Amino acid sequence: MGKTSTNCAPGPDSQCNPCVKLQPLMKVLKEGRDLTESSDELVIVPLDWLIQYRNSSSVYISMLDDLMTDIARDRDYIRFGGSDHVFMCLSQGCGRIMMNIIKRYNLGKDTRAMWLGSEKENLFMSDQWPCPDRVLKAPDSLVQLLGLSGDGADQGCGDAGPLGQISKEMNIILKTAWSKIQGKDRHQGCILASRDKVCVSGIPKCGSSTMNILLRRMNGIKSWNDTKGHTHGSVNGLHWVNAKKNFTAYQEVMNDPSWIKLLVVREPASRVLSAYLDKILNLKEFGRIGYHGKEVPSFDYVLDHFVNVTEQGRMRLTDPHFRPMSEFASTRLVRYDFVARIESLADDLEVFLTSLGLWDKYGASGWGINGDLSFTKAKRHNAGVMGKGERITNETLRKIYTIYKEDYARFAYSMKETWGVDLDE
């Protein structure tokens with residue numbers, strides 16, 4: 001039922017090596033015993049068997065190279081950029097294999113494949129794998145069921161647990177992996193400008209009002225510049241393709257290279273401050289952060305709340321205006337053709353439209369109150385980093401960095417360059 005990429009070689013002490021110990025799990029995956037249908041769409045790549053060769057450097061590297069070459073040639077890996085592949089290594093000592101793969105094959109922030117490791121090594125692996133959100137945790141109960149609780153040659157040689165119990169444990173992991181691919185655990189969608197085959201993925205507090213006005217114009221809506229309540233929601237007249245409601249249509253657009261994909265991002269500290277000032281301080285929508293007090297909570301109080309949520313691994317479930325940008329728009333899966341920044345949005349979009357031959361049509365004129373400005377001149381005054389002139393303490397910035405660390409890395413923002421605080425790693 002499930003697809004596996006297996007290179008198990010018997011090696012010394014074959015009855016006890018990790019390759020043999022994984023056979024019950026491989027049997028579960030191949031037969032699909034009580035597994036969700038998602039296992040059909042995942043490619044599991046077991047790596048534990050490599051541990052037995054780690055003391056023979058040349059053999060180890062040769063086998064690793066052969067494995068990675070085979071994977072890189074795999075049709076599904078090429079088609080989906082590895083997003084449906086799960087590298088699985090459950091033994092102690094798998095951290096070295098991970099680091100070898102990352103360094104030897106130059107895996108970067110655009111890595112889409114997932115890493116499945118043991119609970120004991122999960123903290124290390126989450127810090128090292130290029131995309132921390134794509135690290136899956138195998139509970140100790142599964143590792144013990146497979147007899148992989150030892151280190152390398154010291155793996156236990158006892159019988160594996162019941163296949164039904166192994167299936168139950170693995171099913172939970174596969175559902176989590178599949179949800180990351182489908183995007184059902186996060187906002188995922190885009191607005192289409194069908195005539196020009198442009199797809200714009202929106203993130204709250206990242207210039208969505210301005211982008212929606214531009215998209216209204218690109219879609220030929222006569223009142224495109226009417227901003228009175230027409231920039232958000234169903235009344236804006238725009239065609240939104242949402243992965244949760246119509247995954248097939250969304251996938252078709254995202255996998256079609258003829259569609260140009262645009263994403264707009266924002267300096268993370270500025271974005272969360274904007275969300276706080278708008279939704280909490282001004283509108284007093286305390287429910288967005290689960291706050292039930294009567295007085296307006298301070299900015300640091302809100303950040304402390306989200307630091308706690310981050311430590312619990314639940315930021316993807318928070319209100320969209322405070323949720324990390326990396327949780328939106330399939331940023332961990334999709335290779336966007338152009339990423340614009342709020343801080344330079346006017347200039348960035350001029351470059352974007354010009355590159356498509358659309359600047360004269362949509363950006364060169366018609367903007368401003370009297371319709372006598374270009375997009376660049378009409379919107380450049382919005383540039384800048386909110387809060388740059390405010391007294392935001394280093395401690396507050398550290399909290400922000402803790403919550404939005406992935407956003408800073410993924411979208412190449414720097415605390416040092418923007419705020420003068422060296423927190424980037």
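These numbers come from a predicted model, not from an experiment.

Draft legend 1. Representation of the overall build of the protein in the model. Within the protein, the secondary structure is distributed over 18 helices and 10 strands. Residue pairs in contact within the protein that sit at least 24 positions apart in sequence constitute 70% of those at least 6 positions apart. Here the protein displays about 19,800 Å² of accessible surface, and carbon together with sulfur accounts for 48% of that area.

Draft legend 2. Highlighting helix α11 (residues 268-282). Its 15 residues place the ends of α11 20 Å apart at the C-alpha level, agreeing with the 21 Å of an ideal helix rising 1.5 Å per residue. Approximately 25 degrees is the largest bend angle found in α11, and it occurs at Y276. Across the 15 residues of α11, 11 count as buried, placing the element largely inside the fold. P268, A269, S270, R271, V272, L273, S274, A275, Y276, K279 and I280 are the residues of α11 that are buried. Taken together, the buried residues of α11 touch α12 (299-311), α16 (394-403), α17 (405-410) and α18 (415-419).

Draft legend 3. Just the environment of S270, in detail. Examined against the element boundaries, S270 turns out to sit in helix α11. Among the residues examined, S270 registers a relative accessible area of 0% and is labelled buried. Through-space distance from the C-alpha of S270 to that of E343 is 9.9 Å; in sequence the pair is 73 residues apart.

Draft legend 4. How the structure looks around the side chain of E343. Within the fold, E343 resides in the loop between β10 (338-341) and α13 (345-355). An unpaired buried charge is present at E343: no salt bridge exists, and R266, the closest side chain of opposite charge, is 5.0 Å distant. A distance of 2.7 Å separates polar atoms of two side chains, one belonging to E343 and the other to Y413.

Draft legend 5. Seen up close, the packing of aromatic side chains. Per the stated rule, a full pass over the model turns up 10 aromatic pairs. Ring geometry for Y276 versus F299: centroids 5.2 Å apart, planes at 45 degrees, classification tilted. Here Y276 is found in helix α11, whereas its partner F299 is found in helix α12, with 23 residues between them in sequence. Relative accessible area serves as the criterion here: at 7%, Y276 is assigned to the buried category.

Quick notes on the rules
- Residues numbered from 1 in each chain as written.
- Predicted model: local features only at pLDDT ≥ 70, side-chain atom pairs only at ≥ 80, totals over all residues.
- Heavy atoms only, no water.
- Helix = DSSP H or I, 4+ residues; strand = E, 2+ residues; numbered from the N terminus.
- Contact = heavy atoms within 4.5 Å.
- Areas by Shrake-Rupley, 256 points an atom, 1.4 Å probe, with all protein chains shown as cover.
- Expected span 1.5 Å × (residues − 1).
- Bend = angle between axes of the 7 residues up to and from the residue.
- Buried < 20%, exposed > 50% of the residue type's maximum accessible area, 1.4 Å probe, protein only.
- Lys, Arg positive; Asp, Glu negative; His and termini not counted.
- Salt bridge = Lys/Arg side-chain N within 4 Å of Asp/Glu carboxyl O.
- Polar contact = N/O pair within 3.5 Å; in protein donor to acceptor, adjacent residues only side chain to side chain.
- Phe/Tyr/Trp six-rings, centres within 6.5 Å; stacked < 30°, edge-to-face > 60°.

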